[in-house]
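# Descriptive structure summary
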Amino acid sequence: MLSAVLVFAFPVSVGAEDTVETSAGAFVLYCAENGEIILSKNENQRMKPASTTKLMTVLLTLEQAAKNDRVVTFTDEMIAEGSSMYLQVGEKVRLSDLAAGMMMASGNDAANAAAISISGSAEKFSGLMNARAAQIGMKNTHFVTPSGLDDDEHYTTAYDMALLMAAGLQNKDFADLTYQKSVGVQFEEPREKQVTYTNHNRLLRLCEGCIGGKTGYTDAAGRCLVSAARRNGLTLICVTLDDRDDWNDHIALYDLGFSRLSGYRVADSEFCVELPCVGGESDAVAVMGGGDKTLVIDNGREKDVVRKIYLDSFVYAPVGEGEKLGRIDYLLDGEVIYSTPLTAVEGVAAHRVKKNLFQKIKELFVYG
C-alpha cells in the first residue's frame, strides 16, 4: 500500500548573467508562489517606507470592515498633513471607504481615521500593525504611524514589504481593492456627497499583468513602490525603496522575471475515483487528491512536466477516513518536483460475516 507523501522543492533561479540595473537604494523581486527571491539588492536593509506603509493599514482596516463595516465620523484628531482624501470634520464614511481612500488617494487623513476608529489612537493602532508584521514574518520592520509619515523608529525592508503584499493578496477584499483603477465613495454624511478617487499606482496602466500595489513618497524616504503582477500563471511582487525611476524599474524587473519563470498549476483536488474495496461493508471507497498549488518552473517548460498516478487497482477493508492510498507525482527531466497524496474520502469498515449455529459450536471446540 502506498502512503508516503513526498514533497520536493524544485530550484528555479535567475542566472548571474540576468540582471536589471535599477535606481533603487533597495529592491526585491519576489515570487509569491514559492516565497523565493528572484533578484534583489539590499533587500534586508532597514529603510523608510513612506506611504507604502498603508498596505498594512488597509489590510487591518478591511479585516475590521469584514466584521463590522461601521460608520466613522471624521474628527479634529484625525486630521493629517500630506496626501489626503479630503475628509472634512463631521463627515461620515464607512471603514471600507477609508481603505479605498488610502489605497487610491494615499489619504493620510483616511489612515488616521481608520487607526483611531479601530484602536482609539494611532499609537495603539501601531501595536496592531507590529503584531501583524510579526505574524507575517516581517523581521526587520517597526511601524509607528498608520500613514507612513517619517519617524526615526518607523522602518521596514524591501523584503518585508514583499511579504506584506503577498499576505494582502490572500485577502479577497484587499486584492479586489488594490486592483481597481478608481473607486467611488458614497458618503454617509452628507448623503449627497460622492467622490471618485483615482489610483496613484500608474503600473495598473503601464505594466502588463499588474494586479495592484501602493506608492509612497517623502523627502526622507524618496520614491517607494510596492506592486504585484501576474503572468504565465505566476504572481510576482516587486518592491523598490528610494528609487527615482520606480515605474520603469518595476517594468524591467517584471519583464526579466516572467521571461524566466512560469507557473504550472496542480489541481489535484479535482481528482476523484471509486476504488474497489474487498471485504468491506461497501464495495468501493472514494479516493480524492490533495489541495491545489502552483509550481514554479522555467518559462516554456510546462509541456515537459509529466504527471504520474500511483494507485492500486483495489484495496482491502478496513479503510480509515483520510487514509493515504496512493499519490500523484509531477516530474521534470525524470525528477519528482512535487507530490500530492491520494486519500480515502470516507472510511469503510470490514464486512462482518454472520455465523450460523454449527460455526459457533465448532469455534467452541477449537478455541474452548
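Summary of the structure given here. The written sequence of each chain sets the order in which its residues are numbered from 1. pLDDT decides what is reported in this predicted model: residues at 70 or higher carry local features, side-chain atom pairs at 80 or more are listed and counted, and totals for whole chains, interfaces and linings draw on all residues regardless. The side-chain values count all of the structure's non-hydrogen atoms but skip hydrogen atoms and water molecules.

### Structural notes on the packing of helix 1 (residues 54–67) against helix 3 (residues 108–119)
Quick note on the threshold: Between N-to-C directions, angles span 0 to 180 degrees; the directions come from axes that are lines fitted to C-alpha atoms, helices contributing only their stretch in contact. A run of DSSP states H or I qualifies as a helix once it reaches four residues; a run of E qualifies as a strand once it reaches two. Both are numbered from the N-terminal end. Between 65 and 115 degrees an angle is taken as roughly perpendicular, under 35 as roughly parallel, over 145 as roughly antiparallel, and anywhere else as oblique. Left-handed is the label given to a crossing in which the near helix is rotated counterclockwise from the far helix by less than a right angle, and right-handed is the label when the rotation is clockwise. Contacts between residues were defined by any pair of non-hydrogen atoms, one from each residue, lying within 4.5 Å. Residues are sorted three ways: Asp, Glu, Lys and Arg are charged, Ala, Val, Leu, Ile, Met, Phe, Trp, Tyr, Cys and Pro are nonpolar, and all the rest, Gly among them, are polar.
Taken N-terminus to C-terminus, the directions of helix 1 and helix 3 make an angle of 45°; their axes are 10 Å apart at the nearest point. By the angle between their directions, the pair helix 1 and helix 3 is classed as oblique. The two elements helix 1 and helix 3 cross, and the hand of that crossing is left-handed. When helix 1 is examined against helix 3, the residues Lys54, Thr57, Leu60, Thr61 and Gln64 are found in contact with a partner set consisting of Asn108, Ala111, Ala114 and Ile118. Its residues assigned to classes, the contact of helix 1 with helix 3 shows 4 nonpolar, 4 polar and 1 charged.

### Some words on the sheet that holds strand 2 (residues 37–41)
Using the following cut-off: Note: two strands are recorded as paired if DSSP finds a minimum of 2 bridges between them.
The strand order across the open sheet built from 5 strands is 2-1-9-8-7, with neighbouring strands paired in antiparallel fashion. Lying at the two open borders of the sheet, with one neighbouring strand each, are strand 2 and strand 7 (210–218). Averaged over all adjacent pairs, the angle separating strand axes in this sheet is 5°, with direction ignored. As paired elements, strand 1 (residues 26–31) and strand 2 share 4 bridges and run antiparallel to each other. Considered in strand 2, the bridge of Val28 is made with Ser40.

### Brief notes about unusual backbone geometry
The general pattern is negative phi for most residues beyond glycine and trans for most peptide bonds. Let me state the cut-off plainly: The rule is simple: take the accessible area with a 1.4 Å probe, protein chains only, and divide by the maximum for that residue type; under 20% is buried, over 50% is exposed, in between is partly exposed.
Residues Glu189 and Pro190 are joined by a peptide bond in cis, for which omega reads 0°. Along the chain, Pro190 turns up in the loop between strand 5 (182–186) and strand 6 (194–198). Residue Pro318 is bonded to the preceding Ala317 through a cis peptide linkage, with omega at 5°. Among the structural elements, Pro318 can be located in the loop between strand 15 (315–316) and strand 16 (324–332). The phi torsion at Asn42 lies on the positive side, around 50°, for a residue other than glycine. Following the sequence through the fold, Asn42 ends up in the loop between strand 2 and helix 1. Using a relative accessible area of 37% as the deciding quantity, one classes Asn42 as partly exposed. Located in the positive-phi region is Tyr86, a residue other than glycine, with phi close to 60°. Tracing the sequence through the fold places Tyr86 in the loop between strand 3 (71–73) and strand 4 (92–94).

### Brief notes about the packing of aromatic side chains
Our working rule: Only Phe, Tyr and Trp rings take part, Trp by its six-membered ring, and two of them pair if their centres are within 6.5 Å. Stacked means planes under 30 degrees apart, edge-to-face means over 60, and tilted covers everything else. Cation placement over rings: the criterion is NZ of Lys or CZ of Arg within 6 Å of the ring centroid and within 35° of the ring normal.
What the rule picks out here adds up to 4 aromatic pairs. Judged by centre distance (6.1 Å) and plane angle (75°), the ring pair of Tyr30 and Tyr159 falls under edge-to-face. One end of the pair, Tyr30, is in strand 1; the other, Tyr159, is in helix 5 (residues 158–169), and 129 residues separate them in sequence. Since its relative accessible area comes to 22%, Tyr159 is described here as partly exposed. A ring pair is formed by Tyr254 and Phe258, whose centres lie 6.0 Å apart and whose planes are at 25°; its orientation type is stacked. Taken together, the residues Tyr254 and Phe258, both in helix 8 (residues 246–260) and 4 residues apart, mark about one turn of the helix. Residue classification places Tyr254 among the buried residues on the basis of a relative accessible area of 0%. Taking the relative accessible area as the measure of exposure, Phe258 reaches 3% and is therefore buried. Across from the ring centre of Tyr310, 4.4 Å away, lies the NZ or CZ of Arg327, which sits over that ring.

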